[in-house]
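Commentary on secondary and tertiary structure
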Amino acid sequence: MKKSPLAMQSTSQTQKNKPLHEKEALVKLLRWHFGHAQFRDKQLDAIQAVLSGRDCFCLMPTGGGKSMCYQIPALAKPGIVLVVSPLIALMENQVIGLKEKGIAGEFLSSTQTMQVKTKIYEDLDSGKPSLRLLYVTPELTATPGFMSKLKKIHSRGLLNLVAIDEAHCISSWGHDFRPSYRKLSSLRNYLPDVPILALTATAAPKVQKDVMESLCLQNPLVLKSSFNRPNLFYEVRYKDLLDDAYADLCSVLKSNGDTCAIVYCLERTTCDELSAYLSAGGISCAAYHAGLNDKARSSVLDDWISSRKQVVVATFFVCFSEMVYVAQFSLILFQALHGIDRKDVRLVCHFNIPKSMEAFYQESGRAGRDQLPSKSLLYYGMDDRRRMEFILSKNQSKNSQSFSTRERSSKKSISDFSQMVDYCEGSGCRRKKILESFGEQIPVSLCKNSCDACKHPNLLAKYLGELTSAVLQKNHFSQIFISSQDRTDGGQYSEFWNRDDEASGSEEDISDCDDGIEAVKKVANSKLSTKAGLNERINFLQHAEESYYRNKISDKQVNKPSKNAVSDVLRQGSKEKLLNALRQAQQRLRNLTIEFEASAIFLENECYNKYGKSGKSFYYSQVASTIRWLSTANSIELTNRLGIDTDSPSVNFISKEEPPAAPSPSLEQRPAQITGKELDGSCGSENSIGAFQTESESPSTSLPVIPSFSEFVNRRKVKDNQPNTSCKESPKKNFDKRMRLQ
Ligand SMILES: Nc1ncnc2c1ncn2[C@@H]1O[C@H](COP(=O)(O)OP(=O)(O)OP(=O)(O)O)[C@@H](O)[C@H]1O
Ligand SMILES: [Mg+2]
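Our subject in this report is the structure included herewith.

Criteria and thresholds
- Residues numbered from 1 in each chain as written.
- Chains lettered and ligands numbered in written order.
- Predicted model: local features only at pLDDT ≥ 70, side-chain atom pairs only at ≥ 80, totals over all residues.
- Heavy atoms only, no water.
- Near = heavy atom within 4 Å.
- Polar contact = N/O pair within 3.5 Å; in protein donor to acceptor, adjacent residues only side chain to side chain.
- Areas by Shrake-Rupley, 256 points an atom, 1.4 Å probe, with all protein chains shown as cover.
- Helix = DSSP H or I, 4+ residues; strand = E, 2+ residues; numbered from the N terminus.
- Buried < 20%, exposed > 50% of the residue type's maximum accessible area, 1.4 Å probe, protein only.
- Arc of directions from axis to C-beta.
- Pairing = 2+ DSSP bridges.
- Axes fitted to C-alpha atoms, helices over the stretch in contact; angles between N-to-C directions.
- Right-handed = clockwise from strand over helix to strand, strands pointing away.

**Examining the site of ligand 1**
Taken together, 19 residues lie around ligand 1, and G63, K66, S67, R366 and R369 are the ones closest in. At a separation of 3.2 Å, a nitrogen atom of ligand 1 approaches a polar side-chain atom of R40. Here a nitrogen atom of ligand 1 and a side-chain polar atom of Q43 are 2.9 Å apart. Within the complex, 88% of the 640 Å² of free accessible area of ligand 1 lies under protein.

Structure follows, in structure tokens:
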């Protein structure tokens, strides 16, 4: 229900005599609509600036209350405020919140029906729009059609403000660069006298300058709050010193009771595995990543926001342009839970090291937005560090940018990352390191022992000593404690990455899949990258990922047995899980009769044929995603996928002429109706995974092995004539892991 407007929004006599932006009146609005007693920090300054028609650049920490800086102006006078936001989930979340408070807010995106969009446009076209806040994506803002609508509204004097949320996305120096944000620079030309408010929580001085210049802000009021988050406790745990990081995290979550948490991982397979592990440990948990379909993703988000689930395990985001390379290594990354407002997040855990201090700050800042004590916990591992260095270094290898731009961007990424490495490997106050990375000089006393380094300096020194020994023992990281300066300026960005290697054309290790490259190039360069929805892009990336692995398998047949191979026991276990999921699906969809056993075998075969040879994690992830699908699929979807004959009381698989595929020893009794083609999953080409297995081959010995990340890296080292420093061969297992829960 709409809340009646305060008198100040109408043209009452008293109001005519008072300036719209007088503090007292604005506080009234804050109390009336949001129930907050006072403005925080720089909120009032920002609101008064934009209401008086001045541009404003507002730097406030995560959870600082930036939204209020445009929400109050939207309520202070008739007309609309346009809010540009990078994520549909974020817009949706804010609009729902506004509607609950009776404030007329809407968003426009590809996910909405034509009917909803038409209603919004009709309202905008009317002489007196009822809308107060309209959220849009940067892509839409830049389209001529929408721009002409904006100009119309503006010509009627109804466009009060353009707010650019997460404004750092406009800067290629920022950690979240979004090319589409660049288009916002035309706003000033088209709407010269509409004030622009740029808001961000993560802006290094270079980024700030870039944001202000790119948006053509004129004499902006620049407001900066401290980045310090006094209610957050910062801690790092060392994976190389832990027996089992999964178990460690599980205990942390359990020891804190049923608290709300976000766990960020680099890969979706880790997300799935970790989420399954935590769930099995009794934690109310769900995975959230690009591998889920729309429905599943929004249901996870809903469950989490409405406290039905307490822990969400999400992939973090590297950068869209980086996905071009990242996708080829099957790391489809997705920016998750960015700016979503659940105030009571007590723990943010980075299960893998993030790529920069900015990203870390932004993500860890999701904790304690209600200002209550909360924690940031980062699990640091040497392998994770190498992996991230590899991804960041690879970012420059091939795209349309000029060499100097690539070099600049790569150097920057590596230098940004080195701050994160210093954060983990250094012994000083973590808080100080975070704040110094944003240019704030603070005394250590400000921390008040609210990081592990200040609270347990001796313990940390001990761990770091043990870590050094572990690394030396492993002998694959002799340069680990080199200074960040050496790392960035010396040209040798890391132990395994060498830019000369790039020049020598050893790209075949990186990608030998044109299909995949084409797909990801499309995402990066084509119309898709600017016009298509995120889901479409993710589909492309998934396609690239799958193609990459299919081709990788066909091109590089490696015949040694892998310890990552999918065992029959694992397959049997998956079948059981699918069986349970099918039973639940049938309970949900009472009108459908499912032949459980045959269907479970069919679905398991699908998973195995698609990802079985790519290794356990992929296979497991596919099973998990099938189970999730079963929990939401409707009768028609199930009928289509399983080939259920609805006239028959039992399942009939669609009959095909081909003979059944070679069964694995434990799954020999597959229904005869399941054909080779069906088992082959998505394709029947020579390059397909299915084409790789001959009838006589036993899955356990014939599985083609995709090199693991470290194997891949080590091959490069061998090429470089470096001594063999394989981490696989390092005596890691002999190292006494002694880090324990505190
Ligand atoms: N003046 C205020 N008094 C009390 N609470 C406030 C005030 N202003 C905002 N808040 C609350 O603070 C929380 C965070 O606000 P908001 O989402 O606007 O933060 P933000 O700065 O945009 O953070 P992020 O960078 O994470 O997006 C919200 O729950 C909001 O209701
Ligand atoms: Mg925000």
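**Describing the environment of D248**
Position of D248 relative to the elements: it lies in helix 12 (residues 245–255). Overall, the relative accessible area of 5% leaves D248 in the buried class. Note: C-alpha distance between D248 and R237 (11 residues apart in sequence) is 9.4 Å.

**A few points about helix 30 (residues 635–642)**
S635, L638, T639 and L642 are the residues of helix 30 that are buried. Looking down the long axis of helix 30, one finds its buried residues gathered within 100 degrees of arc, a one-sided arrangement. Across helix 30 from its buried face, at more than 90 degrees, point the exposed residues I636 and N640.

**Quick word on the sheet that holds strand 8 (residues 232–238)**
Strand order across the open sheet formed by six strands is 8-13-12-9-11-10, with parallel pairing between neighbours. Edge positions in the open sheet fall to strand 8 and strand 10 (285–288), since each of these has one partner strand only. Averaged over all adjacent pairs, the angle separating strand axes in this sheet is 15 degrees, with direction ignored. In this sheet, strand 12 (residues 345–350) lies alongside strand 9 (residues 260–265) in parallel orientation, the contact comprising five bridges.

**Considering the pairing of strand 13 (residues 374–380)**
Most of strand 13 sits inside the fold, with six of its seven residues counted as buried. Where strand 8 and strand 13 come together, seven bridges link them in parallel fashion. If you follow V236 over to strand 13, its bridge partner there is L378. Of the pairings in the sheet, the one linking strand 12 to strand 13 comprises four bridges and is parallel in character. Looking at strand 13, one finds that V348 is bridged to S376. Between strand 12 and its parallel partner strand 13, the chain crosses via helix 16 (residues 357–364), and the hand of that crossover is right-handed.

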